[in-house]
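Spelled out, the chains give:
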Amino acid sequence: MNIAAETPKTEPKFLAALKGTAHKAPPMWLMRQAGRYLAEYREVRSQAGSFLNLCYNPELAAEVTLQPIRRFDFDAAIIFSDILVVPHALGQHLEFREGEGPHLDPITSLADLSKLSVEKAKSTFSIVYEAIDRTISGLGDRTPLIGFCGAPWTVASYMVEGHGSSDYRAAKLLAYREPETFKAILDMLVEASAMYLIGQANAGARALQIFDSWASALADNDFDAFVIEPTAEIVKRVKAVHPNVPIIGFPRGASPKYADYVARTGVDALGCDTAAPLPTIAAQQDKVTVQGNLDPLLLLAGGDAMDRRVNAILEALAPKPYVFNLGHGILPDTPIEHVERLIRTVRG
C-alpha cells in the first residue's frame, strides 16, 4: 500500500485515500449528508411531494446531492437515493409512510419472487443514472461522486419483513425453513445490485459503497453465507467491468468479522460503524483504507466531547489511509454549526 504525505494534484483527495494515500488532514464526507438537517433540502423535499418522488426526479435528486457540497465543500458527494430503490425497481410495491418508514409487500415464497424481474429494473435504474449525470455536471472534476446500493442481506430482510425490524424474524425464519427461497432472493439481488452499480459507474460515479446496515444480526456462519459471499460476488462482477472504481463495504455492527470481510469480499475500503473499537479498525489499515466512525449523536451534541472524540479518531487512524465519516447517517436535528465545527476540527 502506498503511504504518501501528499495527494497527487491530478487526483481528488478522496479517491487518493481509497487507493492507499494517507493524509495529515483526511478527506471527509458524511453518510446522509444530503438530508433533513439542511433547510435547503427541506424546501426541495416539499416540492417533490414524497420521498420516492424526490428519489425519482433526476433534477431534484441532483440538486439535493449538490447542496451539502455547496455549503460544506465535502471531499465527496453521494448520489441522493435509497437502498430500497432496487426491490422497488424489481417490481416490489414500496411506499414510505410518514412517521413509519418504508413498507413493502412481503416476499415470502418463490411464487412471490417470480413476480419480480431484473429486466424490469433497468428502466427505473436509468432514472438514477440520469440523476448521476446531472450531478456530475454540477460537481465538475474536483469532487467525486459516490454511487451505492444496499447489500443483499440488508435489502432481502426488508423484502421479506415488509418493513424495518428489530430481530429480522421473518427473514431469518425464511432463510432457515426455506433456504432455497431465501437463496433465490439473494441471487436476484446480487444480479440486480451488480448491474445497478455498474450502471452508476458507467454514468460517472467514481466510487461505490455497499451498505449492509443489518450485518450485525447474523451468526458467524450466516454472516459468511448472507453477507460475505453475496458481497464478494457483487464486487467480482463490478470489478470485471470497472477494475479501477474503488468499492467501500459497510458491514454495520460486524467488527469481529472485519478481517474475514476484508479478505474475502475484495472491497477497497472498509466503512466502520460507531461501535467498532479504534484498534480493531486500525488493524485493517495495512490491507484496506478505512472510513468512519464518529457517533452521529456526538455530532448532534457537539462541543468539547465531540472535539475530543474526533481528535482521538484522527490520532488513531489518520496516520494511515483513512476517510473521515460518521458511524451511521447524520441525524435530522443536527445543528449546522456543529457540522461546521466538525469540519474545522478534521481539517485543522
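Residues numbered from 1 in each chain as written. Predicted model: local features only at pLDDT ≥ 70, side-chain atom pairs only at ≥ 80, totals over all residues. Heavy atoms only, no water.

As annotated in an unreviewed UniProt entry, the protein is Uroporphyrinogen decarboxylase from Rhodomicrobium udaipurense. The Pathway (unreviewed entry) comment attached to the protein in UniProt states, word for word, "Porphyrin-containing compound metabolism; protoporphyrin-IX biosynthesis; coproporphyrinogen-III from 5-aminolevulinate: step 4/4." In its Sequence similarities (unreviewed entry) section, the UniProt record describing the protein reads: "Belongs to the uroporphyrinogen decarboxylase family." (UniProt positions renumbered as here; feature names shortened; annotations may be inferred.)

**Student:** How should the packing of helix H7 (residues 118-139) against helix H10 (residues 179-203) be read in this particular structure?
**Tutor:** Angle between the axes and distance between the axes: these two values describe a pair of packed helices. Look at H7 against H10: their axes get within 9 Å of each other, and the N-to-C directions meet at 30°. In terms of orientation, H7 and H10 fall into the roughly parallel class. Classified by chirality, the crossing of H10 by H7 is right-handed. Only Met188, Glu191, Ala192, Met195, Tyr196, Gly199, Gln200 and Ala203 of H10 make contact with H7, whose side of the interface consists of Val118, Lys122, Phe125, Val128, Tyr129, Ile132, Asp133 and Ile136. Of the residues belonging to the contact of H7 with H10, the class tally is eleven nonpolar, two polar and three charged. (Axes fitted to C-alpha atoms, helices over the stretch in contact; angles between N-to-C directions. Helix = DSSP H or I, 4+ residues; strand = E, 2+ residues; numbered from the N terminus. Parallel < 35°, antiparallel > 145°, perpendicular 65-115°, else oblique. Left-handed = near helix turned anticlockwise from the far one by under 90°. Contact = heavy atoms within 4.5 Å. Nonpolar A, V, L, I, M, F, W, Y, C, P; charged D, E, K, R; others polar.)

**Student:** For this particular structure, what's the right way to read helix H8 (residues 152-161)?
**Tutor:** Since there are 3.6 residues in each turn of an α-helix, residues three or four apart along the chain are aligned in direction. For H8, the tally of buried residues reaches ten of ten residues, placing the bulk of the element in the interior. Positive phi appears at Gly162, one or two residues downstream of H8, with a value of about 90°. (Buried < 20%, exposed > 50% of the residue type's maximum accessible area, 1.4 Å probe, protein only.)

**Student:** Where do I start with unusual backbone geometry in this structure?
**Tutor:** With the exception of glycine, the majority of residues adopt a negative phi angle, and the majority of peptide bonds are in the trans configuration. At the junction of Gly292 and Asn293, the peptide bond is cis and its omega measures out at -5° in the coordinates. Position of Asn293 among the secondary structure elements: in strand S8 (residues 289-294). Although it is not a glycine, Asp73 sits at a positive phi angle of roughly 55°. One non-glycine residue, Tyr168, lies in positive phi territory at about 55°. Take Tyr168: it is sitting in the loop between H8 and helix H9 (169-177). Among the residues examined, Tyr168 registers a relative accessible area of 8% and is labelled buried.

**Student:** Can you walk me through the nonpolar core in this structure?
**Tutor:** As a rule of thumb, nonpolar side chains are buried together in soluble globular proteins. In this structure, Phe14, Phe74, Trp153, Phe182, Phe324 and Leu342 are the most contacted members of the largest nonpolar core, which totals 128 residues. A total of twelve residues in this core trace back to one element, the largest contributor, which is H10. Ignoring sequence-local partners within four residues, the contact set of Phe324 consists of Pro26, Pro27, Met28, Trp29, Gly292, Leu294, Val310, Ile313, Leu314, Leu342 and Val346. (Core = buried A, V, L, I, M, F, W, Y, C linked by side-chain atoms within 4.5 Å.)

**Student:** How should the pattern of salt bridges be read in this particular structure?
**Tutor:** Pairing between side chains of opposite charge can happen when their charged atoms approach one another. This model, assessed by the stated rule, comprises 18 salt bridges. A salt bridge links Arg347 to Asp75; the nearest nitrogen and oxygen atoms lie 3.3 Å apart. Taken together, the positions of Arg347 in helix H16 (residues 336-347) and Asp75 in the loop between helix H4 (58-72) and strand S1 (77-78) put the pair 272 residues apart, joining distant regions of the chain. With a relative accessible area of 32%, Arg347 lands in the partly exposed category. (Salt bridge = Lys/Arg side-chain N within 4 Å of Asp/Glu carboxyl O.)

**Student:** Help me understand the UniProt feature "site: Transition state stabilizer" (unreviewed entry) in the protein in this model?
**Tutor:** Under the feature "site: Transition state stabilizer" (unreviewed entry), the UniProt entry names Asp82. Relative to the assigned elements, Asp82 resides in the loop between S1 and helix H5 (85-90). When residues no more than four places from it in sequence are discounted, the contact partners of Asp82 are Phe51, Cys55, Phe96 and Phe148. At a separation of 2.9 Å, a polar atom in the side chain of Asp82 contacts the main-chain amide nitrogen of Leu84. (Polar contact = N/O pair within 3.5 Å; in protein donor to acceptor, adjacent residues only side chain to side chain.)

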